[in-house]
Protein chains: 2
Amino acid sequence: MEMSIDPATFLLSLTSSIEHWKVQGKKGVWIKLPIERVNLIEAAVKKGFWYHHAEPNYLMLMFWIPQSAHTLPANATHRVGIGAFLINHNREYRGTGVWKLPTGVVDEGEDIFAAAVREVKEETGIDSEFVEVLAFRQRHKSFFQKSDLFFVCMLRPLSFDIQKQEHEIEAAKWMPFEEYAAQPFVQKYELLSYIHDICKAKMDGKYTGFSPVPSTSYSVQKSYLYLNTSTAPRRQSKL
Amino acid sequence: MEMSIDPATFLLSLTSSIEHWKVQGKKGVWIKLPIERVNLIEAAVKKGFWYHHAEPNYLMLMFWIPQSAHTLPANATHRVGIGAFLINHNREYRGTGVWKLPTGVVDEGEDIFAAAVREVKEETGIDSEFVEVLAFRQRHKSFFQKSDLFFVCMLRPLSFDIQKQEHEIEAAKWMPFEEYAAQPFVQKYELLSYIHDICKAKMDGKYTGFSPVPSTSYSVQKSYLYLNTSTAPRRQSKL
């Protein structure tokens, strides 16, 4: 729906189209209305359409012609975040805020490993390379009742001078890992205790997470598979 | 916005409210309009609001009062899916379709491990328990341009008689793992070849993925952390 049309004409046209599609045996109907066509939403809802999803500049509506329950795919259900650990040669940990690990939201279309490197750069000015996903957490009823997946990442620092970000961060420093771990809030939350244990084991060479490997899928587009490459056989040489 | 109000009155009220909030130094404004209030969307858009997200029964609009770029959180960006491998004592693999692994979408609010068990039950009638996430893939510009995360899961069957689902599945059977792996489409796609290698290694006891452990977070709500429990230290005894 890109063209301009008045709501009454749209309603008439939609009514006759649905009759036509019904005869043809069509089932699901989608209407994507750019925000400039906001004046047509009411007509669509009047015809029985409901909302599927919205992005800043459009609203997607859907309608199911048969009497049966619809089988249209659901909208995105998860937000994805990362938390990044960097350890320098002195086994010092990079922490911020109440010395939390740097965290951030994975942007739309962004790879998890790229988001981790970006957030560390943005918050501290440090260049780094991605090592592994150490663990991930799934949580429900987070922002807007959506679920979230939070990936705990280990990165290797490539530079060491901290240039903290102006706005978001109060302070950033390298700190001894045990000083970080001894903070009451790390002790208090079971999840953070787990993460602490994992990071410690990782520093000691006793833990293996998932590393990203590029892979083609059904589509031509490149995607990344995250797996335990320490025990994955054969294709190692390709990594 | 639950109460009924005519669009002109709503526009006036919104205009004076925004002036008021501006003076107060407020920044972000959210309006959640139930689908029954569809007649008010146009007025909000006229005032400069844009769409944040929508669910079947409501539209969330947002507005940023200052001149600066807004810092409002993004909507959910990922759909989450699972694929399930089950191996019986004969090392036979449970496949469906062109003998694909059973797959499905994780429902809103559903845990990944629960979705895997549910999909296997729905598609084959087999009861199973979750073992591990073997690997996961992140892909972009999937449905509705959203990203998706696909978790490859290993499950242990608790029953063995297949009762295939009526609608979605053409056939379901236990098949020798090598017969599955020899299918041309498994050979053809790099991603599936990887998954094949991982599953084979897992069957041979040579691969470790991530297992879910319950964990409390900042909130009271229970969430699950997925980690490599074979090498994670100390808290093992709690699992």
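My aim in this report is to walk through the structure given alongside it, one point at a time.

Criteria and thresholds
Residues numbered from 1 in each chain as written. Chains lettered and ligands numbered in written order. Predicted model: local features only at pLDDT ≥ 70, side-chain atom pairs only at ≥ 80, totals over all residues. Heavy atoms only, no water. Helix = DSSP H or I, 4+ residues; strand = E, 2+ residues; numbered from the N terminus. Buried < 20%, exposed > 50% of the residue type's maximum accessible area, 1.4 Å probe, protein only. Contact = heavy atoms within 4.5 Å. Areas by Shrake-Rupley, 256 points an atom, 1.4 Å probe, with all protein chains shown as cover. Salt bridge = Lys/Arg side-chain N within 4 Å of Asp/Glu carboxyl O. Expected span 1.5 Å × (residues − 1). Arc of directions from axis to C-beta. Pairing = 2+ DSSP bridges. Axes fitted to C-alpha atoms, helices over the stretch in contact; angles between N-to-C directions. Core = buried A, V, L, I, M, F, W, Y, C linked by side-chain atoms within 4.5 Å. Buried area = accessible area lost by both parts, 1.4 Å probe. Polar contact = N/O pair within 3.5 Å; in protein donor to acceptor, adjacent residues only side chain to side chain. Nonpolar A, V, L, I, M, F, W, Y, C, P; charged D, E, K, R; others polar. Phe/Tyr/Trp six-rings, centres within 6.5 Å; stacked < 30°, edge-to-face > 60°. Lys NZ or Arg CZ within 6 Å of the ring centre and 35° of its normal.

Check the secondary structure of chain A and you find six helices and eleven strands. Here chain A holds 239 residues, and the buried ones make up 56% of them. Expressed as a percentage of contacts within chain A between residues at least 6 apart in sequence, the contacts between residues at least 24 apart total 58%. For chain A, the accessible area works out to roughly 11,000 Å², and carbon and sulfur atoms hold 54% of it.

Before going further, it helps to examine the pattern of salt bridges. Residues and elements named next belong to chain A. Across all of its chains, the model carries 22 salt bridges over all chains by this definition. In this structure, R118 engages E122 in a salt bridge whose closest nitrogen and oxygen atoms are separated by 3.2 Å. Note that R118 and E122 are positioned in helix α3 (residues 112-124) at a spacing of four residues, about one turn of the helix. Given a relative accessible area of 34%, E122 falls into the partly exposed group. Salt bridges linked by common partners bring D107, E110, R118, E119 and E122 together as one network.

We now examine helix α1 (residues 7-24) of chain B. Residues and elements named next belong to chain B. For α1, which comprises 18 residues, the first-to-last C-alpha distance of 25 Å matches the rise-based estimate of 26 Å (1.5 Å per residue) to within 8%. Along α1, the residues classified as buried are F10, L14 and I18. Looking down the long axis of α1, one finds its buried residues gathered within 70° of arc, a one-sided arrangement. Residues A8, L12 and V23 are exposed on α1 and point more than 90 degrees away from its buried face. Those residues of α1 hidden inside the fold are in contact with β1 (28-34), α2 (41-46) and β3 (58-64). Immediately downstream of α1, the backbone of G25 shows phi near 80°, a positive value.

All names here are of chain A. Across the sheet, which stays open at both edges, the three strands sit in the order β1-β3-β2 with antiparallel pairing between neighbours. The open sheet terminates on both sides in strands that have one partner only, identified here as β1 (28-34) and β2 (50-55). Across the sheet, the mean angle separating the axes of adjacent strands is 20° when strand polarity is ignored. In this structure, β2 lies alongside strand β3 (residues 58-64), joined through five bridges in antiparallel fashion.

A word on the nonpolar core. In this structure, A:F136, A:F151, B:F136 and B:F151 are the most contacted members of the largest nonpolar core, which totals 94 residues. Excluding residues that lie within four positions of it along the chain, B:F151 makes contacts with A:F136, A:L149, A:F151, B:V80, B:G81, B:I82, B:G83, B:I112, B:V133, B:A135 and B:F136. Grouped together as the second largest cluster of nonpolar side chains are 46 residues, A:I35, A:L72, B:I41 and B:V45 included.

Moving on, we come to the interface of chain A and chain B. If you look at the interface, chain A gives 83 residues, while chain B gives 82 residues. Here chain A packs against chain B, burying approximately 7,900 Å² in sum over the two surfaces, 61% of which is carbon and sulfur. For the chain A face of the interface with chain B, the top three residues by lost area are A:Y51, A:F144 and A:Y194, together amounting to 10%. The interface formed by chain A and chain B contains two salt bridges. Connecting chain A to chain B are 23 residue pairs in polar contact (both at pLDDT 80 or more). In terms of residue count, the dominant contributor to the side of chain A that touches chain B is helix α6 (residues 190-203) of chain A (eight residues). Its residues placed into classes, the side of chain A that touches chain B shows 45 nonpolar, 22 polar and 16 charged. Where strand β11 (residues 222-227) of chain A lies against strand β7 (residues 128-139) of chain B, four bridges are found, and the strand directions are antiparallel. If you follow A:Y226 over to β7(B), its bridge partner there is B:F136.

Throughout the structure, instances matching the rule amount to 16 aromatic pairs over all chains. A ring pair is formed by A:F210 and B:F136, whose centres lie 6.0 Å apart and whose planes are at 45°; its orientation type is tilted. With one member in each of two chains, A:F210 in the loop between α6 and β10 (211-216) and B:F136 in strand β7 form a pair that bridges those chains. A residue is classified by how much of its surface remains accessible, and A:F210, at 0% relative accessible area, is buried. For B:F136, a relative accessible area of 0% corresponds to the buried category. Grouping aromatic residues by their ring pairs yields a cluster made of A:F136, A:F151, A:F210, A:Y226, B:F136, B:F151, B:F210 and B:Y226. Its end group placed over the ring of A:Y58, A:K32 keeps NZ or CZ at 4.4 Å from the ring centre.

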